[in-house]
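# A structural walkthrough
If you want the building blocks of each chain, they are given just below.
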Protein chains: 2
Amino acid sequence: MTAVENLKIAKPNVIALDAMGGDNAPVIVIDGAALARARTPDIQFIFFGDEAQIAPLLAHYPQLCGCSEIRHTTEVISSDMKPSLALRQGRKSSMRLAINAVAEGEASSIVSAGNTGALMATAKFVLRTLPGVDRPAIATMLPTKKGETVMLDLGANIECDAENLVQFALMGAIFCRTVLGRSEPLIGLLNIGTEELKGHDEVRIAAQILRERPIPGRFLGFIEGNDITAGTVDVVVTDGFSGNIALKAIEGTANLIAYFLKQVFTSSLIARVGYLLSRGAFQRLKSRVDPRRYNGAMFLGLQGVCVKSHGGTDAEGFANAIGVAYDLVRRGFNERIAEEMAAQYGMADLVITKQEDGAP
Amino acid sequence: MTAVENLKIAKPNVIALDAMGGDNAPVIVIDGAALARARTPDIQFIFFGDEAQIAPLLAHYPQLCGCSEIRHTTEVISSDMKPSLALRQGRKSSMRLAINAVAEGEASSIVSAGNTGALMATAKFVLRTLPGVDRPAIATMLPTKKGETVMLDLGANIECDAENLVQFALMGAIFCRTVLGRSEPLIGLLNIGTEELKGHDEVRIAAQILRERPIPGRFLGFIEGNDITAGTVDVVVTDGFSGNIALKAIEGTANLIAYFLKQVFTSSLIARVGYLLSRGAFQRLKSRVDPRRYNGAMFLGLQGVCVKSHGGTDAEGFANAIGVAYDLVRRGFNERIAEEMAAQYGMADLVITKQEDGAP
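All of these numbers come straight from a predicted model, not from anything done at the bench.

## Focus: the overall build of chain A
Each helix and strand counted, chain A has 14 helices and 11 strands in total. Scaling as 2.2 N^0.38, a compact globule of 360 residues should have a C-alpha radius of gyration of about 21 Å, and chain A matches this with 21 Å. Along the three orthogonal principal directions, the C-alpha set of chain A runs to about 55 × 55 × 35 Å. Here chain A, with 360 residues, has 55% of them falling under the buried criterion.

As structure tokens, then:
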């Protein structure tokens, strides 16, 4: 049996939800699930968390009730719990049980708005990485001048060697192919200059490997920070330290400009009138850069789909995170990664270590 | 003689200009100098470059002519020349001669819009670092919700150890004190989370040192990418790799939003009218985030003031870069750094290795 066959998911439509993760849980989890259900009627959910809180919220949505199940637990991973502690002491937490459901074949994917570090540590421990993938990475979509770009890693790996970066490039490219339908994705390595000699050893060696190996896309070379939002490439590859800082710098700048714009439009009566006249167009702009639209950071490289929603999102944002998980499963993203890694590293006969019967 | 006494500048008002550096040299250099001269009448310039090009441009500004001198050379460091090559082969270049003028005591500072890597390598080689400073850093001012923040390093040092980061923090804080007049600057270390255990060794050790040592400001701890433009701190400290990426990500995001805004305001006739009504307020916003206003990256930690203008700037931007150099000299920034380093490292009697007579 090949790695790919082994990855076939028994229940592709079932998504495990950590109902207790995030600032406004469980309300936005149930409301978000209801929204997602309205968009994709074949979807099913298992909610993990406090039944006494979940059941009354679910009762508002008869259709959602019909496709949902609650698994009761009162344990919750707090937002400030250290990953190592969450791993040791959170064995009965809503987050852990939801991840277990994926490992056990009860669900195709897990979505949580909880503690990012704990989610990554637990998902990595329970689901394990795909054969050929040394380290999972966190990826997200970002709006650009040309459409959308996927960027990874965003914080799972503070330090990365060249091979890690190459694997991130492969995973990002396969995401573009399978989920975004871009057959020849452009890949760029984030650096502080575009010349070949720039940057530290890891990025220079990674660039050399990406130039030489057959990859599922086209390697453009080094890109710089401003290329992220310019849409110069489809896949921005970087280590988790720089990636996290770049992502948050982008968010911060968008916030700053929104703040300045608000000042502009409240600075005089005539400016207020100007805003009112442009409001429709502004709403379209707002929806285009709406953080909720880009909610749902993907943990790539695991034997199971795991999506992290922003902790402070609302139902709309959480529904989008569910949509991301649903798309990754439906498009067979992990199967494609496994195929690619087998091709890259000659591991066609490597069988995934997870048990076939789905036992933990 | 102490380090500080040794740093006294013979000709504080004289600024050496690399007239040939940048995309639009020498035009914007001379036009920019004329603007700077109008703002600060006691300023004097030495222009290094092709006299045949510089002299006719200078002739347009009688007042500028009166306070300027041309030093002829036809050699220029190209924008794509490697720093090592610029150092070896550019000994008679406009950039090198301008830096030499500072080392030789003919000028207090040097401003160039040329090749950043070559400028840093040459300035470091010719001027040397201040006693106690292991590595110079590139710093810039950025607009924030609360005003302005200084960030460093922006690319001089791809990899930094904890002590380098600590020194950047000290230099940034002293910049805030001497140039911005903030007596108790808040310092933040850029990281991917604010918890003590986050990040790699270098930032964690640097944080520990900054918590324990007496510093010219207050160490707030770790900050994240979004804190840069939020204005959470006065000084953002990071390594040159992350700093460069963050800075360019910020610039790229501002560009993206400007692009989207243009689309908004040209999307319909009514939106155009809206823009016209808000135009005055928009102009004020534009001037607030105008990159020309923040032009002039400072090379901190050298025995001489060196400012890098953006290569693509105009006369207004170049004049601002000259203003940055003028302020650093006038406020005695380097003297304060030398004092602080002596206090930090117990080197009160350490004499700067540069010759007193200013010979090269």
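Structure shown, so let's carry the discussion forward.
## A closer look at the interface of chain A and chain B
The interface of chain A with chain B comprises 51 residues on the first partner and 51 residues on the second. Secondary structure elements with two or more residues in the side of chain A that touches chain B: α10 (225-230), α11 (240-265) and α12 (269-289) of chain A. If one sorts the elements of the side of chain A that touches chain B by residue count, α11(A) sits on top with 21 residues. Its residues assigned to classes, the side of chain A that touches chain B comprises 27 nonpolar, 17 polar and seven charged.

## Brief notes about the sheet that holds strand β6 (residues 147-152) of chain B
Residue and element names in this part refer to chain B. Read across the sheet, 11 strands follow the order β3-β2-β1-β4-β11-β10-β5-β6-β9-β7-β8 without closing on themselves; strand pairing throughout is mixed. Edge positions in the sheet fall to β3 (68-72) and β8 (218-223), since each of these pairs with one other strand and no more. Going from strand to strand, the sheet's axes swing by 25° on average, the running direction of each strand aside. Judged from the five bridges that link them, strand β7 (residues 186-190) and β8 form a sheet pairing that is parallel. By the bridge assignment, Leu-190 is partnered in β8 with Ile-223.

## Quick look at the relation of the copies chain A and chain B
At an RMSD of 0.0 Å, chain A and chain B line up after a rotation of 180° and a shift of 0.0 Å along the axis. Such values leave the two copies arranged in the relation of a two-fold axis. Residues of chain A ranked by C-alpha distance from the rotation axis are headed by A:Gly274, positioned 1.9 Å from it.

## Digging into the packing of helix α6 (residues 94-103) of chain B against helix α7 (residues 116-127) of chain B
All names here are of chain B. Between α6 and α7, the least distance of the axes is 10 Å, while the angle of their chain directions is 30°. Once α6 is placed against α7, the crossing between them reads as right-handed. Facing Met-95, Arg-96, Ile-99, Asn-100, Val-102 and Ala-103 of α6, the residues of α7 in contact are Ala-118, Leu-119, Thr-122, Ala-123, Val-126 and Leu-127. Its residues assigned to classes, the contact of α6 with α7 comprises nine nonpolar, two polar and one charged.

## Details of the pairing of strand β10 (residues 297-300) of chain A
Looking along a regular strand, one sees side chains alternate from face to face of the sheet. All names here are of chain A. The alternating pattern of β10 places Ala-297 and Phe-299 and Met-298 and Leu-300 on opposite faces, both of which are buried. The sheet contact formed by strand β5 (residues 137-144) and β10 spans three bridges and is antiparallel. The residue of β10 that forms the bridge with Ala-139 is Met-298. Here three bridges tie β10 to strand β11 (residues 305-308), and the two strands are oriented antiparallel to one another. Looking across to β11, one finds that Phe-299 is bridged to Cys-306. As consecutive antiparallel partners, β10 and β11 are separated by four residues, and within that stretch Gly-301 has a phi angle of approximately 100°, a positive value.

Calculation rules
Residues numbered from 1 in each chain as written. Chains lettered and ligands numbered in written order. Predicted model: local features only at pLDDT ≥ 70, side-chain atom pairs only at ≥ 80, totals over all residues. Helix = DSSP H or I, 4+ residues; strand = E, 2+ residues; numbered from the N terminus. Rg over C-alpha atoms; globule rule 2.2 N^0.38 Å. Buried ≥ 20, exposed ≤ 12 C-beta atoms within 10 Å, placed from the backbone. Contact = placed C-beta atoms within 7 Å. Nonpolar A, V, L, I, M, F, W, Y, C, P; charged D, E, K, R; others polar. Pairing = 2+ DSSP bridges. Axes fitted to C-alpha atoms, helices over the stretch in contact; angles between N-to-C directions. Least-squares fit on C-alpha atoms with pLDDT ≥ 70 in both. Left-handed = near helix turned anticlockwise from the far one by under 90°.

Bear in mind that shape data such as this cannot, by itself, settle questions of function.
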